[in-house]
Every structure is written in C-alpha cells, then in structure tokens.
Amino acid sequence: MSQQSVSDVMSSSSWPTETLSPAAFPFVEDLKDEWAKSAAAQQDRLEEIWQQTQALFKAAKDQHFEDGIESVFSNELAAFVEKHGDAAIKALAHFITSETVNDEVASEALRWLGRMDHAPTYNVRLRLLERSLFCSSVRVRDGAALGLASMDDPHAITSLKQAIQKEKHNELHKDLQQVLTQLETSN
Amino acid sequence: MPLILRKIRKARWYYNQSGFPWLLESDIPADPLGDLATNNNELSVWQIDDDKSNLPRVAAALAANGDDISNLDYALFDQKLLNEINITLRPSKGNSPDETANQNWHSDIVELSARKLVELAKAILTHAEIKRIPEKEILHLLAQAVAADQIERTKLRAKIWAKIDKLAILNKN
C-alpha cells in the first residue's frame, strides 16, 4: 500500500467498492479522509490561482505598456507563473481565450509569456500563444505573434500558417508572415 | 527634409472606421495617444536621414533603453508634416546609451497643446509609415552597436547583454 498514492488507492480500479465494504478496513477511512483533505487543498489552490489571475488582470488595466520595458504587470505575471506553473498558464489561458480580459492587457501578457525563460511551463505557454492567434481581437493576435517570435520555436509553424490563412487585417497579416519566415529559418 | 521617428506600439494604431462604429467621421480613437505621452508638454522624437541610413543605429539606441530585447515598432513621417500642423521641433539631447545618436539625432516636439497632440496623431494615422523591426533583428542591431562601441555594454540591462553574449557564442559555433 505504501507504494501507492492516496489517489491510486481511492480510484475505482484499486478500490473494489462493489465487493468490499470500507468498514471492513478501518485504515481506508483514514485514507479517504486524507484524500478528501488533499482534494480540498487542491481545490483551494486552484481557487486561489483563479482569483490571483483575475486580480492580476484587473490591476493591469490602468497600466501603460511599452515594448521591451518591464512593468509591474509583467513582473507579477512572471512571478505568478514561476510560482504556480502550468496551473497559472491554464488560468491565464482561460481568461485570455474566453476574451474576458482587456485586449491591451492580454496582448501584453502574451508578449511576456513568450519571452519568459521558464522551462517547466514551456509547452503550455507555446500552446496558449498558438491558440491566441485565433482570438477575435487584432491586438491579442498581435501579442500572440510577438510571443511566438520570442519563443522562436518551429513547432508553431502549422498554427501560424493557419492563422495567416485566416488573417483579414493587412498589417497583421504581414507581421504574421514575418514571424513565419523567422521560424522557418530558425535552427 | 529629414524624417521623424517616434517609438510606438503598432497595434494601437490599427484603425478602420468600421471597427469603431461609435466614432465620428472626423475623429480618431484615443488609444494611439497612449504612444504620444508628453512630458512638460514635449514629446521625444528622433530624426532619421532621408536615405534612412541612421535608422538601424537609432533603433538600436532606442532598444538599448529597454529591460529586455523586444521588437521595435515605430511611426516614421516627413518633418514637413509638423510644419503643416504648426508644431515646433527643437533639437535636444537624447536619453539613450548611444551618445552619438543622442547628440545628433534627437529632438523634442515642443509647446504641445492637447489639440496639437490630436492633430499630430491624426497626421501620423494618415501619413506615417508604421513599421516593425522584429526582436531577432533588434538583437543583431544591438550586438553590432556594442561591437562597434556605439553603445557601452555597461549601460545595458543584464537580460540584454546576456542575450548578446548568447548570440556571440552561437555565431562562433
């Protein structure tokens, strides 16, 4: 039992609820309690991340952003991602792709997410940037393109090509093409 | 007559009337004004030679002021546009890590009223060339500027010189 995690024990495959009664194994009640506490703690953590994401975006609405210049928002965003990892990116992704965030702030977030040097979240950041190429706001799409240019990862080529095909804004179309050329020549 | 460059964020200037149904025909959106933030009723701009030969150096100087390597978006327009809307340009020392650029190519647009600022934004929207230099190109320009002693390495932020160093190693290999 010590080799299994609590969640393994509590999963349907390892807990034969149909044939055995938990009452027959008192330690299982302890495990259930432990699992419930762990699940509750996890839920609390996700709730906290969610609220922090909302607060981060809300506070950023009144900030002015300039390319290449760090802001309170960009610094807090980086610290938030470093602390919470993929869960932070998923929360950010929810607000950005559901388009419930100010366009300028979402665009700024995408620029800095592309620029971050944080290997554990690399893949989810890349996916968020690719997905954001298809947001309805031209500013958000621009931020996604710039984030992808910073990552310089040829894995985004397919998404970029699709985005270029869909892009109606002339200037952004040119900029997306410029990023595509960069990625295609990237080593 | 030289050209005038102002650093902007390109997407703030994306504009078509259909995207702003609430906007009166003679009016413009307010967001571009965010790129024309004045200080003491003055606006910092750079003078670019007609043949744009100093554009890469000015771009590097501007990027060198940053915390990290980034794309550089700019609006470039004919200086005579300022005369047409009765705006005064005064040469002044720039505030970049490139002293030559600061001395030779920086100016301030001065005595700016709110009305003149809106006129300037309208003129830029209508007549300026709005361009982007990609992040990768900016990194190369900065590396060249440092190598040519146009910019002192010590005046750059740590993240920038770390990327310049990384580029130098990649180029060696």
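About the criteria used
- Residues numbered from 1 in each chain as written.
- Chains lettered and ligands numbered in written order.
- Predicted model: local features only at pLDDT ≥ 70, side-chain atom pairs only at ≥ 80, totals over all residues.
- Heavy atoms only, no water.
- Helix = DSSP H or I, 4+ residues; strand = E, 2+ residues; numbered from the N terminus.
- Buried < 20%, exposed > 50% of the residue type's maximum accessible area, 1.4 Å probe, protein only.
- Areas by Shrake-Rupley, 256 points an atom, 1.4 Å probe, with all protein chains shown as cover.
- Contact = heavy atoms within 4.5 Å.
- Buried area = accessible area lost by both parts, 1.4 Å probe.
- Salt bridge = Lys/Arg side-chain N within 4 Å of Asp/Glu carboxyl O.
- Nonpolar A, V, L, I, M, F, W, Y, C, P; charged D, E, K, R; others polar.
- Pairing = 2+ DSSP bridges.
- Axes fitted to C-alpha atoms, helices over the stretch in contact; angles between N-to-C directions.
- Left-handed = near helix turned anticlockwise from the far one by under 90°.
- Core = buried A, V, L, I, M, F, W, Y, C linked by side-chain atoms within 4.5 Å.
- pLDDT = per-residue confidence, 0-100.
- Phe/Tyr/Trp six-rings, centres within 6.5 Å; stacked < 30°, edge-to-face > 60°.
- Lys NZ or Arg CZ within 6 Å of the ring centre and 35° of its normal.
- Polar contact = N/O pair within 3.5 Å; in protein donor to acceptor, adjacent residues only side chain to side chain.

Chemist: Looking at this model, I keep getting lost on the overall build of chain A. Mind explaining?
Modeler: Scanning chain A from N- to C-terminus turns up nine helices and zero strands. Secondary structure elements in chain A, listed N-terminal to C-terminal, are α-α-α-α-α-α-α-α-α. Buried positions account for 46% of the 187 residues belonging to chain A. About 10000 Å² of surface is accessible on chain A, with carbon and sulfur atoms providing 51% of the total.

Chemist: Help me understand the interface of chain A and chain B, please; the structure alone is not making it clear to me.
Modeler: How big an interface is tends to be reported as the loss of accessible area on association of its parts. Each partner contributes to the interface: chain A provides 25 residues, whereas chain B provides 24 residues. Interface of chain A and chain B: buried area, both sides summed, is about 2200 Å²; carbon and sulfur atoms make up 39% of it. Per-residue buried area on chain A facing chain B is highest for Asp 67, Arg 115 and Arg 139 of chain A; these three make up 26% of the total on that side. Counting across the chain A and chain B interface gives 13 salt bridges. A salt bridge links Glu 104 of chain A to Arg 9 of chain B; its shortest N-O distance comes to 3.8 Å. Counting residues per element, the ones that place at least two in the side of chain A that touches chain B are α5 (103-115), α7 (138-151) and α9 (170-184) of chain A. Counted by class, the side of chain A that touches chain B contains six nonpolar, seven polar and twelve charged residues.

Chemist: Any chance you could explain the sheet that holds strand β4 (residues 88-91) of chain B here in plain terms?
Modeler: Consider a sheet: its strands pair through backbone hydrogen bonds, and that pairing is either parallel or antiparallel. All names here are of chain B. Taken together, six strands build an open sheet; the order of strands is β4-β5-β2-β1-β3-β6 and the sheet is antiparallel. Edge positions in the sheet fall to β4 and β6 (129-133), since each of these pairs with one other strand and no more. The mean angle between the axes of side-by-side strands here comes to 35°, regardless of whether they run parallel or antiparallel. Here strand β3 (residues 72-78) runs beside β6; their pairing, made up of five bridges, is antiparallel. If you follow Tyr 74 over to β6, its bridge partner there is Lys 131. Those strands touched by helix α4 (residues 114-127) are β2 (43-48), β3, β5 (106-110) and β6, and its axis lies near 95° from that of β3.

Chemist: Would you mind showing me how to read the packing of helix α4 (residues 86-97) of chain A against α5 of chain A here?
Modeler: The axes of two packed helices give the description: the angle between them and the distance between them. Residues and elements named next belong to chain A. Axis separation between α4 and α5 bottoms out at 11 Å; the angle between their running directions is 145°. By crossing handedness, the relation of α4 to α5 is classed as left-handed. For the pair α4 and α5, the contacting residues are Ile 89, Leu 92 and Ile 96 in the first and Ala 106, Ala 109, Leu 110 and Leu 113 in the second. The residue makeup of the contact of α4 with α5, split by class, is seven nonpolar, no polar and no charged.

Chemist: I tried to follow the nonpolar core on my own but got confused; where do I start?
Modeler: Buried together is how nonpolar side chains tend to be arranged in soluble globular proteins. Residues and elements named next belong to chain A. Counting residues in each nonpolar core, the largest one holds 49 residues, and the members touching the most others are Phe 57, Phe 73 and Leu 92. It is α4 that contributes the most residues to this core, eight residues altogether. For Phe 57, the contacting residues outside a window of four places in its chain are Phe 73, Leu 92, Phe 95, Ile 96, Val 101, Val 105 and Ala 109.

Chemist: Honestly, the confidence of the model for chain A in this entry has me stumped. Any pointers?
Modeler: Predicted coordinates in areas of low pLDDT are best not read in detail. Residues and elements named next belong to chain A. Averaged over every residue, the pLDDT of chain A is 87; the share at 70 or more is 84%. When mean pLDDT is taken per element in chain A, helix α8 (residues 157-166) scores highest with 98 and helix α1 (residues 6-10) scores lowest with 38. For residues 1-19, every residue scores under 50 in pLDDT, and the model assigns this stretch 19 contacts once sequence neighbours within four places are set aside.

Chemist: In this structure, what is going on with the packing of aromatic side chains? I would like to understand it.
Modeler: Working definition: an aromatic ring pair is given by the centre-to-centre distance plus the angle between the planes. The final tally for this structure, using the stated rule, is five aromatic pairs over all chains. Taking the centre distance of 5.6 Å and the plane angle of 90° together, the rings of Phe 20 of chain B and Trp 22 of chain B count as edge-to-face. Following the ring pairs from residue to residue traces out a cluster consisting of Trp 50, Phe 57, Phe 65, Phe 73 and Phe 95 of chain A. Residue placement shows Arg 115 of chain A over the ring face of Trp 112 of chain A; its charged tip is 4.6 Å from the ring centre.

Chemist: Help me understand the environment of Glu 171 of chain A, please; the structure alone is not making it clear to me.
Modeler: With respect to the element layout, Glu 171 of chain A can be found in helix α9. Here Glu 171 of chain A falls in the partly exposed class, since its relative accessible area comes to 23%. Here the alpha-carbon distance between Glu 171 of chain A and Asp 142 of chain A, two residues 29 residues apart in the chain, equals 9.9 Å. Ignoring any residue separated from it by four or fewer positions in sequence, one finds Glu 171 of chain A in contact with Lys 10, Tyr 14 and Ile 130 of chain B. There is a polar contact of 3.0 Å between the side chain of Glu 171 of chain A and the side chain of Lys 10 of chain B.

Chemist: Got a minute to help me understand the environment of Asp 98 of chain B in this structure?
Modeler: Residue and element names in this part refer to chain B. Relative to the helices and strands, Asp 98 is located in the loop between β4 and α3 (99-105). The class for Asp 98 is buried, based on a relative accessible area of 0%. Sequence separation of Asp 98 and Trp 22 is 76 residues, and the distance between their C-alpha atoms is 44 Å. Among the polar contacts listed, one links the side chain of Asp 98 to the backbone nitrogen of Thr 100, at a separation of 3.1 Å.

Chemist: Any chance you could explain the pairing of β2 of chain B here in plain terms?
Modeler: Looking down a regular strand, the side chains alternate between one sheet face and the other. Residue and element names in this part refer to chain B. Burial within β2 is extensive, with five of its six residues counted as buried. Judged from the three bridges that link them, strand β1 (residues 3-8) and β2 form a sheet pairing that is antiparallel. Among the inter-strand pairings, Leu 5 is bridged to a residue of β2, identified as Trp 46. Direction of pairing for β2 relative to β5: antiparallel, over a ladder of four bridges. Of the residues in β5, the one forming a bridge with Trp 46 is His 106.

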